[in-house]
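Results of the structural survey
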Amino acid sequence: MLFAEDRTLRRRSDPPDALPAHMNAALEAIPTLPDALSGLTRIAMNLAWSWNRDAAELFERIDPMLWTQVRHDPVALLMRIDEATLRRCADDEEFVELYENVERSVEATENDEGTWFAREHGGVADGPVAYFCAEFAVHDSIPIYSGGLGILAGDHVKSASDLGIPMVGVGLLYSHGYFDQRFDDEGWQLQQDEVFDPERLPLRRLHPEDSGLASVEVEGRTVQLGAWCMRVGRTPLYLLDSDLDDNDPADRILTGRLYESGEELRLKQEWILGVGGVRVLDALDVRPSVWHANEGHAAFMMVERARRAVEAGSTFDAALPDIRASSVFTTHTPVPAGHDNFSAEQVERVLGPVWEPLGLDRDAFMRIGYAPETGEDRFHMTATAIRMARGVNGVSEKHGRVTREIWSELWGDRPKEDVPIGSVTNGVHRWTWMAPEVQRFLDGVLGEWWTHRVEEREVWDRVLDADDAEVWYLHERMKYKRHRFLIEEARRRWRAVWGKHRHLVASGPLLDPEVLTLGFARRFATYKRADLFFRDEERLLELITDAQRPVQLIFAGKAHPADDLGKGVLQRVYRMSHDPRSEGRIAFVQDYEMHVARALFAGVDVWINVPRVPKEASGTSGMKAALNLVPQLGTLDGWWDEGYDGENGWAIPAAPKPDDPDEHDWEQLFRLLEEEVVPSYYDRNENDVPVAWVKRMKRALWVAGRTFHTDRMLRDYCRRYYLPAWEASTEGDDPPTR
Ligand SMILES: *Cc1c(COP(=O)(O)O)cnc(C)c1O
């Protein structure tokens, strides 16, 4: 049923009708829907529901308990609901009205009419943008992301959908998920797989049960690849899967886990993503005109397109200008460990003589991936992507400058300013990250139609005039509600491990919504410096346990399974959260995932972001906090370097000794907290409203709402990178000389 319905809604970027309709087991298990609610399955199968204000309420109203149990996955909900409940819903007029609203708006995302792209650039695109990324965070129920890169990619495809930019996403389906976080008694992080069954998720299987749509060669074996389609509004996202009966057991697990340690497995995964991705699109008859590699993991996509050109009679060198003209590459970190590179020996052993079908010899192939930093014997994914894409960008203005410096050698002795690497500052998807309460509040402040006018920057000016007391009471209500959620999470976990650990697993239950609350949540990479707080424990304890003006800290975040240094920092936080001297004023929240993140952005007073400059390419969590009226305190790195305007938060000034900034940054962090943040928060007027503080909150929302969102980001990508590629102009191409 669903499939037939779907067919009438095919878009250019969709797979052809000729493909067999493989029905997910899950969909067969959904009971017959009453006529009045016949579109529920279709709503559930398009992730557009997840950024529709009313949809979560709709599903929750069907069965609130079950909705929590199934982790807000509507497909799982519908599979387990009984017909009587559905009939009751169909008889409830209010419910049906809500349903019809949601249905209309989800349906509207299934054609292009009236979108920004149709209005501004309709007719320009012949084929879609193919956006490749190793991870996508679209919704909590599909845990195939580890952090910032995945969140950004998910937000990217959502905004492409909102704006009507023709796009398909390509990624991997990690059926073992990204791990659940556990701790031993010593506070050392343990990882537990979070296995899920794709058949029970809003994914449509495009391949037959046991064999693939396309294949790649790995270690001389043929690995069949299947693909699942996740519909993200207008954007189909194709997730490759090697877990097929036809494959060797060793190959079935290749797409099983995200960022598994071990170079060789990474190499195989990246080969599957890049080469397999191009071939699967081919098999689906999707013909992109623009190819965007989001981070170096996807660079083999460009190599595969060169191979196809050579197969069709060209040479590598002759094909390169066209490949460059239609390729975009975004780099996301200046940290060397974030850039994969593989030895020549490894490449040959795992992938075989891949240079042969390119018409190259081994040395010529290795030169494509040569990076000065890693030397001649390594194939560097970022260097490859830079050589094979004309459009190359960093993710903030500052990161653009840093990236030009890092890679200027590829252009010979060119002055760094002239290196043709640009920047598009990251953003966040407003409808995913702005709490429903804030959205409703803005209905009142900006006028009902504001969601249709968000692009007009002046619309946001009224935020600055919003009533201080109203803003403050809204914030207090949100904070209280999110604290309840975090406390309940801690209670649930405590119950689950009671008997093994007699102490509270996190000190969440001691959270107090009245107290100035600082939020610090991110991956526990050492350069992000969660431990800056603990440089002088006495000073920290004095700050947080002050009798009149206390402060509490909420931490969250996972360390990479192979990052022992990061785990050490995490352990330090974990121990401090259990240390009685901190009087319960430090909380650690486990499993920093999208739903926990949303609770944090809307449940704290200040967002803390103190990376060691210039290691943070952009950072996006502070933008999400700001959309929820939470100002950031941070070092002037990544987006904050351009986003901080003196009134929307606090900034730690640049360290005089950039190579050894920790002491300076720590001193400034505490100075700001002690002298500015704490006094300002507790300075209340006769109605108990901190007026100067609220001004900063409004300013934070004003800045982020106008600029630091993915609609702006996508329009930047469109204008600077996608349109020139669609117009197939090779003008101004300035390839590396080395
Ligand atoms: C936003 C987000 C991130 C990335 O935040 P950064 O500021 O870039 O570190 C990571 N994980 C989750 C769950 C997020 O929501």
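Cut-offs used in this document
- Residues numbered from 1 in each chain as written.
- Predicted model: local features only at pLDDT ≥ 70, side-chain atom pairs only at ≥ 80, totals over all residues.
- Heavy atoms only, no water.
- Helix = DSSP H or I, 4+ residues; strand = E, 2+ residues; numbered from the N terminus.
- Rg over C-alpha atoms; globule rule 2.2 N^0.38 Å.
- Buried < 20%, exposed > 50% of the residue type's maximum accessible area, 1.4 Å probe, protein only.
- Areas by Shrake-Rupley, 256 points an atom, 1.4 Å probe, with all protein chains shown as cover.
- Lys, Arg positive; Asp, Glu negative; His and termini not counted.
- Charge placed at Lys NZ, Arg CZ, Asp CG, Glu CD.
- Near = heavy atom within 4 Å.
- Polar contact = N/O pair within 3.5 Å; in protein donor to acceptor, adjacent residues only side chain to side chain.
- Nonpolar A, V, L, I, M, F, W, Y, C, P; charged D, E, K, R; others polar.
- Patch = residues over 30% accessible without salt bridge, like charges linked within 9 Å, V, L, I, M, F, W, Y side chains within 5 Å.
- Salt bridge = Lys/Arg side-chain N within 4 Å of Asp/Glu carboxyl O.
- Core = buried A, V, L, I, M, F, W, Y, C linked by side-chain atoms within 4.5 Å.
- Pairing = 2+ DSSP bridges.
- Axes fitted to C-alpha atoms, helices over the stretch in contact; angles between N-to-C directions.
- Contact = heavy atoms within 4.5 Å.
- Phe/Tyr/Trp six-rings, centres within 6.5 Å; stacked < 30°, edge-to-face > 60°.
- Lys NZ or Arg CZ within 6 Å of the ring centre and 35° of its normal.
- Right-handed = clockwise from strand over helix to strand, strands pointing away.
- Parallel < 35°, antiparallel > 145°, perpendicular 65-115°, else oblique.
- Expected span 1.5 Å × (residues − 1).
- Domains from an automatic or database assignment.
- pLDDT = per-residue confidence, 0-100.

Moving on, we get to the overall build of the protein. From N to C terminus, the protein includes 30 helices and 20 strands. For 738 residues, the compact-globule estimate of 2.2 N^0.38 gives 27 Å, and the protein sits close to it at 25 Å. The proportion of buried residues among the 738 residues of the protein is 62%. Total accessible area on the protein is roughly 28000 Å²; 47% of this is exposed by carbon and sulfur atoms. Charge centroids of the protein, computed over 88 positive and 127 negative side chains, lie 1 Å from each other.

The subject of this paragraph is the site of the ligand. In the vicinity of the ligand lie 14 residues, with K528, G619, T620, S621 and K624 positioned nearest. Between the ligand and K528 there is a distance of 3.1 Å, counted from an oxygen atom to a side-chain nitrogen or oxygen. Within the side chain of K624, a nitrogen or oxygen atom sits 2.6 Å from an oxygen atom of the ligand. Bound to the protein, the ligand loses 94% of the 390 Å² it would expose on its own. Sorting the residues of the shell around the ligand by element identifies α10 (148-163), α25 (594-601) and α26 (621-627) as the ones contributing at least two each. Here the residues of the shell around the ligand are counted per class, giving five nonpolar, five polar and four charged.

This part covers a negative patch on the surface. Together, D361, D363, E376 and D377 make up a negatively charged patch on the protein surface. Secondary-structure assignment places D361 in the loop between α15 (344-351) and α16 (362-368). Of the residues examined, D361 reaches a relative accessible area of 47% and is grouped as partly exposed.

It is worth spelling out the nonpolar core at this point. Counting 244 residues, the largest nonpolar core has F533 and Y722 as the members making the most contacts within it. By residue number, the principal contributor to this core is helix α30 (residues 710-726), which donates nine residues.

It is worth spelling out the sheet that holds strand β17 (residues 586-589) at this point. Read across the open sheet, the six strands follow the order β17-β16-β15-β18-β19-β20; overall the sheet is parallel. On the outer flanks of this sheet lie β17 and β20 (649-652), each paired with one strand and no other. The average undirected angle you get between the axes of adjacent strands in this sheet is 20°. Examined bridge by bridge, strand β15 (residues 516-521) and strand β18 (residues 606-609) share two bridges and lie parallel to one another. Bridging from a neighbouring strand, L518 pairs with V606 of β18. Strand contacts of helix α23 (residues 537-544): β16 (551-556) and β17, with the helix running at about 115° to β16, the strand carrying the most contacts.

Below, the discussion takes up the packing of aromatic side chains. Throughout the structure, instances matching the rule amount to 34 aromatic pairs. Ring pairs connect the aromatic residues W116, F117, Y717, Y721, Y722 and W726, which therefore count as one cluster. Lying across the ring of W666, R539 places its NZ or CZ 5.1 Å from the centre. The ring centre of Y681 lies 4.8 Å from the NZ or CZ of R684, which sits over that ring.

In strand β1 (residues 129-132), alternate side chains face the same way, and those of V129 and Y131 on one face and A130 and F132 on the other are all buried. Pairing geometry for β1 and strand β2 (residues 167-172), over four bridges, is parallel. Considered in β2, the bridge of A130 is made with V168. A crossover links β1 with its parallel partner β2, the connecting element being α10, and its sense is right-handed.

This next bit is on the side chain of T620. With respect to the helices, strands and loops of the structure, T620 is situated in the loop between β18 and α26. Not counting residues within four places of it along the chain, the set of residues in contact with T620 comprises N426, G427 and V428.

It is worth spelling out unusual backbone geometry at this point. Cis geometry is found at the peptide bond from V613 to P614, where omega equals 0°. Residue H72 is not a glycine yet carries a positive backbone phi of 60°. Looking at the element boundaries, H72 is found in the loop between α5 (64-69) and α6 (74-80). For H72, a relative accessible area of 30% gives the class partly exposed. A positive phi angle is found at E295, which is not glycine, with a value near 80°. Looking at the element boundaries, E295 is found in the loop between β9 (290-294) and α13 (300-311). Accessibility expressed as a relative area gives 4% for E295, which makes it buried.

The next subject is the packing of α10 against α30. Two elements in contact, α10 and α30, have axes whose closest approach is 9 Å; the angle formed by their N-to-C orientations is 80°. It follows that α10 is roughly perpendicular to α30 by the angle criterion. Of α30, the residues touching α10 (which contributes L152, D155, H156, S159, A160, D162 and L163) are T710, D711, M713, L714, R715, Y717 and Y722. Split by residue class, the contact of α10 with α30 holds seven nonpolar, three polar and four charged.

So, on to the environment of M697. Inspection of the secondary structure assignment puts M697 in helix α29 (residues 691-707). Linking M697 and Q590, residues 107 residues apart in sequence, is a C-alpha distance of 27 Å. Beyond its immediate chain neighbours, meaning those up to four positions away, M697 contacts V471, W472, H475, L629 and P631.

Compared with an ideal rise of 1.5 Å per residue, which puts 17 residues at 24 Å, α29 spans 25 Å between its outermost C-alpha atoms and is within 8% of the ideal. In terms of residue burial, α29 counts as a mostly covered element, since 12 of its 17 residues are buried.

Here we come to the pattern of salt bridges. Going through the model one piece at a time under the given rule, you end up with 61 salt bridges. Between R575 and E186 there is a salt bridge, and its shortest N-O distance comes to 3.4 Å. One end of the pair, R575, is in helix α24 (residues 564-578); the other, E186, is in the loop between β3 (180-183) and β4 (189-192), with 389 residues separating them in the sequence. Classification of R575 as partly exposed rests on a relative accessible area of 44%.

Here the focus is the pairing of β20. Of the two faces of β20, the one lined by G649 and A651 and the one lined by W650 and I652 are each fully buried. Taken together, the four bridges between strand β19 (residues 632-635) and β20 define a ladder with parallel strand orientation. Counterpart to T635 in the pairing with β20 is I652.

What follows covers the domain arrangement of the protein. Once the domains are mapped, the protein shows domain 1 (31-108), domain 2 (116-426 + 716-726) and domain 3 (430-708). Placing a centre on the C-alpha atoms of domain 1 and another on those of domain 3 gives a separation of 33 Å.

Further remarks concern the confidence of the model for the protein. Averaged over all residues, the pLDDT of the protein is 91; the fraction at 70 or higher stands at 95%. Across residues 1-13, confidence stays below pLDDT 50; counting only partners more than four residues off in sequence or on other chains, it has 33 contacts. Under a pLDDT of 50 for its full length, residues 15-20 has, in the predicted model, 13 contacts with residues more than four places off or in other chains.

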